[in-house]
Amino acid sequence: MSLTAGIVGLPNVGKSTLFNAITNQKILAENYPFATIEPNVGVVTVPDERMDKLKEMYNPERFIPTAYEFTDIAGLVKGASNGEGLGNKFLSHIREVDAIVEVVRCFDDGKIIHVDGNIDPIRDIETINLELAIADLDVIKNRLERVAKKARTTKNKEDVIEKEALEKAKKALEENKALRQIEFTEEERKAIKSYSFLTLKPIIYLANIKESELGNPDNEYVKKVKDYASQENAQVVSLCAKVEEDLSELTKEEKDEMLEALGLDGSGLDKLIQATYDILGLATYFTVGKDEVRAWTFRKGMNAKQCSGIIHTDFEKGFIRAEVMSYNDLIECGSELKVKEAGRARLEGKDYIMQDGDICHFRFNV
């Protein structure tokens, strides 16, 4: 399952430094606007202590944790929806991601220029969010008249639902509300899914702070960001992108030592990755054996048959049943055999709703 979170923000807020840390890749991260022109894509491993336990238990030939993509997108400036800066290119790249990580500069540093001359995280957030809203409104205005005319002519239920959903979206945007704040019915969401509205995408605000503030990350700027985010029930993650970049270059032992020296119980990146995983509504199931231990990403609410198709389409086409046990039961009992002896191994049909931490073996016949 290919899912992508896009890293966005104004120029010089730390996007590319953060991306370097996330992917441990070296991309251009210079102190001037538009250092990033084309989107850089990197695959990110989702931290999961359960995988380490399974690796110890099975000692497999192959060990494959679950992962998804982060995309570093060029910096946006005021007027992007009208073509300023990298304008339409920036907006088109955001349309392709599943969730947005909006990096907000929450530190003072006279050596690093700010595109607007001074530090004001709420202004920066509103600059980006306004451009996204304007872009969404343009899409609606270009489509609504045709959809409304079609709905009047055909009286088709789907056309009527699409028209009503677009009208609801237009009203919300004109009232300065992001579409992710609006309640759409399942039918309405389906009707507007193809538009890939920017303000409908789930968002995390990432507060980029100084290393010296890591022990007490809620500075005055971060507090303002949290107050703003609370209005739309969005998450805020605080970290120092430069420190995370340094951590990404260390061995596990060195990383643990540095975190301890900084007084941190974990890296900000791990928190960001997990938060992004959560807002996308994702969970993990496992397949295990001596040949391979592997984690698989699925959307919460998917059934066993759908999840089998993530491994291979033939599994879904010829699905018979799933042999399932929970990770917790395996750890508690100590082995697959003991899980079965305890009566905790199950045979589940195609409609079984998969749970995070399920360990599965799918039976199929094509």
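Reading guide: rules and limits
- Residues numbered from 1 in each chain as written.
- Predicted model: local features only at pLDDT ≥ 70, side-chain atom pairs only at ≥ 80, totals over all residues.
- Heavy atoms only, no water.
- Helix = DSSP H or I, 4+ residues; strand = E, 2+ residues; numbered from the N terminus.
- Buried < 20%, exposed > 50% of the residue type's maximum accessible area, 1.4 Å probe, protein only.
- Contact = heavy atoms within 4.5 Å.
- Areas by Shrake-Rupley, 256 points an atom, 1.4 Å probe, with all protein chains shown as cover.
- Polar contact = N/O pair within 3.5 Å; in protein donor to acceptor, adjacent residues only side chain to side chain.
- Pairing = 2+ DSSP bridges.
- Axes fitted to C-alpha atoms, helices over the stretch in contact; angles between N-to-C directions.
- pLDDT = per-residue confidence, 0-100.
- Phe/Tyr/Trp six-rings, centres within 6.5 Å; stacked < 30°, edge-to-face > 60°.
- Salt bridge = Lys/Arg side-chain N within 4 Å of Asp/Glu carboxyl O.
- Core = buried A, V, L, I, M, F, W, Y, C linked by side-chain atoms within 4.5 Å.

Report on the overall build of the protein chain, specifying residues and quantitative values.
The helix and strand tally for the protein chain stands at 14 helices and 12 strands. Across the 366 residues of the protein chain, 49% fall into the buried class. Put simply, of all contacts in the protein chain between residues at least 6 apart along the chain, 69% involve residues at least 24 apart. Counting every atom, the protein chain has about 18,500 Å² of accessible surface; 46% of that belongs to carbon and sulfur.

Which residues make up the side chain of Asn 303, and what values do they have?
Its place among the elements puts Asn 303 in the loop between β9 (292-299) and α11 (304-311). On the basis of relative accessibility, which here comes to 16%, the residue Asn 303 falls in the buried class. Side-chain polar atoms of Asn 303 contact the backbone nitrogen of Lys 305, separated by 3.2 Å. Side-chain polar atoms of Asn 303 contact the backbone nitrogen of Gln 306, separated by 2.8 Å. Those residues in contact with Asn 303 that lie beyond four places of it in its chain are Lys 350, Asp 351, Tyr 352, Ile 353 and Met 354.

Tell me what's going on with the sheet that holds strand β5 (residues 99-105), and back it up with residues and numbers.
The strand order across the open sheet formed by 6 strands is β2-β4-β1-β5-β6-β7, and the pairing between neighbours is mixed. What marks the edges here is a single partner per strand, and that holds for β2 (40-45) and β7 (235-239). Geometrically, the sheet is characterised by an average inter-axis angle of 25 degrees between neighbouring strands, direction not taken into account. Note that strand β1 (residues 4-8) and β5 share 4 bridges and pair parallel.

For the confidence of the model for the protein chain, give the residues involved together with the corresponding values.
Considering every residue of the protein chain, the mean pLDDT works out to 87; 89% of them sit at 70 or more. Ignoring residues within four places in sequence, the model shows residues 83-87, a span with pLDDT below 50, making 10 contacts including any to other chains.

Which residues make up the packing of aromatic side chains, and what are the values?
Each aromatic ring pair is characterised by the separation of its centres together with the angle its planes make. Scanning the entire structure with this criterion turns up 8 aromatic pairs. Ring geometry for Tyr 195 and Phe 197: centres 5.3 Å apart, planes at 20 degrees, overall stacked. Phe 197 sits in the buried class, given a relative accessible area of 2%. Residues Phe 319 and Phe 362 carry aromatic rings whose centres are separated by 6.4 Å and whose planes lie at 55 degrees to one another, so their mutual orientation is tilted.

Pulling in residues and values, what's your account of the environment of Pro 65?
Its location among the elements puts Pro 65 in the loop between β3 (62-64) and β4 (67-72). Separated by 21 residues in sequence, Pro 65 and Val 44 place their C-alpha atoms 9.8 Å apart. Once you skip the residues sitting within four places of it in the chain, Pro 65 turns out to touch Thr 45, Met 51 and Ala 295.

Run through the pattern of salt bridges, naming residues and quoting values.
With the rule as written, the count across this model stands at 23 salt bridges. Between Arg 50 and Asp 48 there is a salt bridge; the shortest N-O distance is 2.9 Å. Looking at Arg 50, the relative accessible area reads 19%, which means it is buried. Counted as one network, the salt bridges with shared partners bring together Asp 48, Arg 50 and Asp 356.

Can you lay out the nonpolar core for me, pointing to particular residues and giving the numbers?
Judged by nonpolar contacts, the single largest core of 58 residues is most densely connected at Leu 18, Ile 22, Phe 70, Ile 94, Cys 106, Tyr 205 and Leu 272. Here Ile 94 is in contact with Val 8, Ile 73, Ile 100, Leu 132, Leu 198 and Lys 201, once residues within four sequence places are set aside.

Could you give an account of the environment of Gln 274, naming the residues involved and the relevant values?
Along the polypeptide, Gln 274 turns up in helix α10 (residues 268-279). The spatial distance from the C-alpha of Gln 274 to the C-alpha of Val 46 is 7.0 Å, given a sequence separation of 228 residues. In this view, Gln 274 contacts Val 46 and Pro 47; residues no more than four positions away in its chain are not counted.

Run through unusual backbone geometry, naming residues and quoting values.
For Asn 12, which is not glycine, the phi torsion reads 65 degrees and is therefore positive. Tracing the sequence through the fold places Asn 12 in the loop between β1 and α1 (15-23). Judged by its relative accessible area of 13%, Asn 12 falls in the buried class. Phi angles above zero are rare outside glycine, and Asn 233 is one such case at about 55 degrees.

Go over the environment of Ile 359 with me, naming the residues and quoting the values.
One can find Ile 359 in strand β12 (residues 358-364). When the C-alpha positions of Ile 359 and Glu 323 are compared, they lie 8.2 Å apart, and in sequence the two are 36 residues distant. In this view, Ile 359 contacts Leu 54, Phe 286, Val 288, Glu 323, Val 324, Met 325, Ser 326, Tyr 327 and Leu 330; residues no more than four positions away in its chain are not counted.

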